[in-house]
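A structural walkthrough
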Amino acid sequence: MEGSLKLKEISYIHSEAYAAGELKHGPISLIEDGTVVFSVVTQSALYEKTVSNMVEVKSRGAKLFGLTTYGNYAMEDVADFTVYIPKIDNLFAGSLAVIPLQLLSYYVSVGKGFDVDKPRNLAKSVTVE
C-alpha cells in the first residue's frame, strides 16, 4: 500500500493496492493488455498462490513487475522484471520491500519532470510539521 501511495503522491499516476487474495473479487476484471501489475511476494506461505495470481494477470496481457526475496528465482519465469530483496523474517519483509517501490516512484517522477521534493496538492500537515 505504501508503494502505491508514493506512486500517486509524487508521480501523479493512478494506482491501487490490495491483497493478492482479493484479485478474483473484482480487480482482475480491470486487467487488459499493457496494464502494469506490481506483485510483492515476500510471504513464503503465500508464494505459490500469489504466483498463480500473477500467471492469471499475465494471461490477460498485464506487464508484471515482481518483487520477492532472494531464492525465489522461479519468479523470473512469470514476471517481466524481477527485483530481489534480502531474505528476512516475514514480519519485517514489508518494511524492506517498500524501499524498491519508493525508488521506483522517485525515478518515475523524475522521468516525468516533476519535483519530488514539492508534491502538489498535499495537505499542509503532510508537507510541513
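Heads up: the structure comes first, above all this text.
Here, residues in each chain are numbered from 1, in the same order as that chain's written sequence. Whole-chain, interface and lining totals are the exception, using all residues; otherwise, since this is a predicted model, local features are given only for residues with pLDDT of at least 70 and side-chain atom pairs are given and counted only at 80 or more. To obtain the side-chain values, all non-hydrogen atoms of the structure were included, while hydrogens and water were left out.

Attention now moves to the sheet that holds strand β2 (residues 63-69). With parallel pairing, the three strands of this open sheet are ordered in space as β1-β2-β3. For this open sheet the edge positions go to β1 (36-41) and β3 (81-85), each flanked by a neighbour on one side alone. Looking at each pair of strands side by side, their axes are set apart by 15° on average, direction ignored. Alignment of β1 against β2, held across six bridges, turns out to be parallel. The residue bridging V37 from the neighbouring strand is L64, located in β2. Contacts were defined at the residue level, with two residues in contact if any of their heavy atoms lie within 4.5 Å. Each axis is a line fitted through C-alpha atoms, and for a helix only the stretch in contact is used; angles between axes span 0 to 180 degrees, taken between their N-to-C directions. Put simply, DSSP marks the helices as runs of H or I at least four residues long and the strands as runs of E at least two long, and each gets a number from the N terminus on. Against the sheet, helix α3 (residues 90-111) engages β1, β2 and β3, with an angle of about 135° to β3. Strand pairing follows a simple DSSP-based rule, namely that at least 2 bridges must link the two strands.

Moving on to the layout of surface pockets. Every definition here rests on a 1 Å grid over the protein atoms only: cavities are sets of points where a 1.4 Å probe fits but cannot get out, pockets are open sets enclosed by protein on both sides within 12 Å along at least five of seven lines, and lining residues have some atom within 4 Å of a point. Grid points are joined across faces, edges and corners, and a volume is the space filled by probe spheres set on the points. Looking at the largest pocket, its volume works out to about 1300 Å³. As for the largest pocket, its lining consists of 41 residues, and the residues nearest its centre are E16, A17, Y18, F38 and S39. At the level of secondary structure, the elements contributing two or more residues to the lining of the largest pocket comprise α1 (2-11), β1, α2 (47-59) and α3. At seven residues, α3 tops the list of elements feeding residues into the lining of the largest pocket. Three classes are used: nonpolar for Ala, Val, Leu, Ile, Met, Phe, Trp, Tyr, Cys and Pro, charged for Asp, Glu, Lys and Arg, and polar for all others, with Gly counted as polar. Looking at the lining of the largest pocket residue by residue, the classes come out as 25 nonpolar, 13 polar and three charged.

In this section: unusual backbone geometry. Unlike most non-glycine residues, Y12 shows phi in positive territory, near 60°. Working definition: with a 1.4 Å probe on protein chains only, accessible area under 20% of the residue-type maximum means buried, over 50% means exposed, and in between means partly exposed. Among the residues examined, Y12 registers a relative accessible area of 22% and is labelled partly exposed.

Let us now look at the packing of aromatic side chains. Planes of paired rings set the category: under 30 degrees apart is stacked, over 60 is edge-to-face and the rest tilted, where pairs are Phe, Tyr or Trp rings (Trp by its six-membered ring) whose centres lie within 6.5 Å. For the structure shown, the criterion picks out six aromatic pairs. Ring geometry for F38 against F65: centres 4.7 Å apart, planes inclined by 55°, an arrangement best described as tilted. Taken together, the positions of F38 in strand β1 and F65 in strand β2 put the pair 27 residues apart, joining distant regions of the chain. Three or more aromatic residues link up through ring pairs in this structure, and these residues are F38, F65 and F81. In this structure, R120 is placed above the aromatic ring of Y12, and the distance from its NZ or CZ to the ring centre is 3.7 Å. A ring is scored as having a charge over it whenever the NZ atom of a lysine or the CZ atom of an arginine sits within 6 Å of its centre and within 35 degrees of its normal. Positioned over the ring face of F114 is R120, at 5.9 Å from the centre of the ring.

In this analysis, the expected span of each helix is defined as 1.5 Å times one less than the number of residues it contains. Between its first and last C-alpha, α3 extends 33 Å over 22 residues, near the 32 Å set by a 1.5 Å rise per residue. All buried positions along α3 are accounted for by A93, A97, V98, P100, L101, S105 and S109. As for α3, its buried residues are in contact with α1, β1, β2 and β3. Distance and chemistry together define a polar contact, namely a pair of N or O atoms within 3.5 Å, with one atom able to donate a hydrogen and the other to accept it when in protein, and with adjacent residues in sequence counting only for side-chain atoms on both sides. The distance from a side-chain oxygen at the start of α3 to the backbone nitrogen of L91 is 2.8 Å, and the residue carrying that oxygen is D89. Backbone geometry just after α3 places G113 at a positive phi near 85°.

This part takes up the environment of I85. Summarising the element assignment, I85 is placed in strand β3. The exposure class of I85 is buried, given its relative accessible area of 3%. In contact with I85, other than residues within four places in its own chain, are T42, L67, T68, T69, Y70, A93, L96, A97 and P100.

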